[in-house]
Amino acid sequence: VQLQASGGGLVQAGGSLRLSCVASTTTSSINVMGWYRQAPGKQIELVASISENGETNYGDSVKGRVTISRDNAKNTASLQMNSLKPEDTAVYYCYYRILAGDYWYWGKGTQVTVSS
């Protein structure tokens, strides 16, 4: 599984950004896609995840401001982030998790910077 992440960048507080992640894979195993993030000096934390049947999970710090979606036919997940805050500044990593065997695959980190 290879992941191609896109999006991110610099935005002012209150603004919006959209991240995308495309998985190149031939596997048809049950999977979950999502994002984690890591800010300087902080632990990595879950941003959001979504299963193939659309079940979502959000980190407490982003609930109500972030929406994750996916297109199973295109093996693509998207993360719409609104009302961004300076504390959302971090490197965001998309992932693809195959539940059988608990295999994790990671995309290249995407920098999101929110200026105050």
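First, a word on what this report is: a plain description of the structure on this page. (Residues numbered from 1 in each chain as written. Predicted model: local features only at pLDDT ≥ 70, side-chain atom pairs only at ≥ 80, totals over all residues. Heavy atoms only, no water.)

1. Comments concerning the overall build of the protein chain
Across its full length, the protein chain carries zero helices and 11 strands. When its helices and strands are written in sequence order, the protein chain yields β-β-β-β-β-β-β-β-β-β-β. Against the globule reference of 13 Å for 116 residues, the protein chain gives a C-alpha radius of gyration of 14 Å, in line with a compact fold. Counting the 116 residues in the protein chain, one finds 41% classified as buried. In the protein chain, 53% of the contacts between residues at least 6 apart in sequence involve partners at least 24 apart. When the accessible surface of the protein chain is totalled, it reaches about 6300 Å², and 47% of it is carbon and sulfur. (Helix = DSSP H or I, 4+ residues; strand = E, 2+ residues; numbered from the N terminus. Rg over C-alpha atoms; globule rule 2.2 N^0.38 Å. Buried < 20%, exposed > 50% of the residue type's maximum accessible area, 1.4 Å probe, protein only. Contact = heavy atoms within 4.5 Å. Areas by Shrake-Rupley, 256 points an atom, 1.4 Å probe, with all protein chains shown as cover.)

2. Some thoughts on a nonpolar patch on the surface
A cluster of nonpolar side chains, namely I44, W104 and W106, defines an oily patch on the protein surface of about 290 Å² accessible area. Looking at the element boundaries, W106 is found in strand β10 (residues 103-106). (Patch = residues over 30% accessible without salt bridge, like charges linked within 9 Å, V, L, I, M, F, W, Y side chains within 5 Å. Salt bridge = Lys/Arg side-chain N within 4 Å of Asp/Glu carboxyl O.)

3. Re unusual backbone geometry
Leaving glycine aside, a negative phi is the common case for residues, and trans is the common case for peptide bonds. A positive phi angle is found at N75, which is not glycine, with a value near 50°. Of note, N75 is situated in the loop between β7 (66-71) and β8 (76-81). Of note in the backbone geometry, D102 takes a positive phi value of approximately 55° without being a glycine. By the element assignment, D102 lies in the loop between β9 (90-98) and β10.

4. What to know about the packing of aromatic side chains
Applying the stated rule across the entire model yields six aromatic pairs. Ring geometry for Y95 and W106: centres 5.6 Å apart, planes at 45°, overall tilted. One end of the pair, Y95, is in strand β9; the other, W106, is in strand β10, and 11 residues separate them in sequence. Overall, the relative accessible area of 4% leaves Y95 in the buried class. When the centroid spacing of 5.8 Å and the interplanar angle of 15° are considered together, the rings of W104 and W106 count as stacked. Taking the relative accessible area as the measure of exposure, W106 reaches 42% and is therefore partly exposed. (Phe/Tyr/Trp six-rings, centres within 6.5 Å; stacked < 30°, edge-to-face > 60°.)

5. Regarding the state of the cysteines
For the structure on display, the rule yields one disulfide. Covalent S-S linkage joins C21 and C94, the inter-sulfur distance amounting to 2.3 Å. Linking C21 and C94, the disulfide has an S-S dihedral of approximately 55° and is accordingly described as right-handed. You can see C21 sitting in strand β3 (residues 17-24) and its partner C94 sitting in strand β9, a full 73 residues away along the chain. One exposure class covers both C21 and C94, and it is buried. (Disulfide = S-S within 2.5 Å.)

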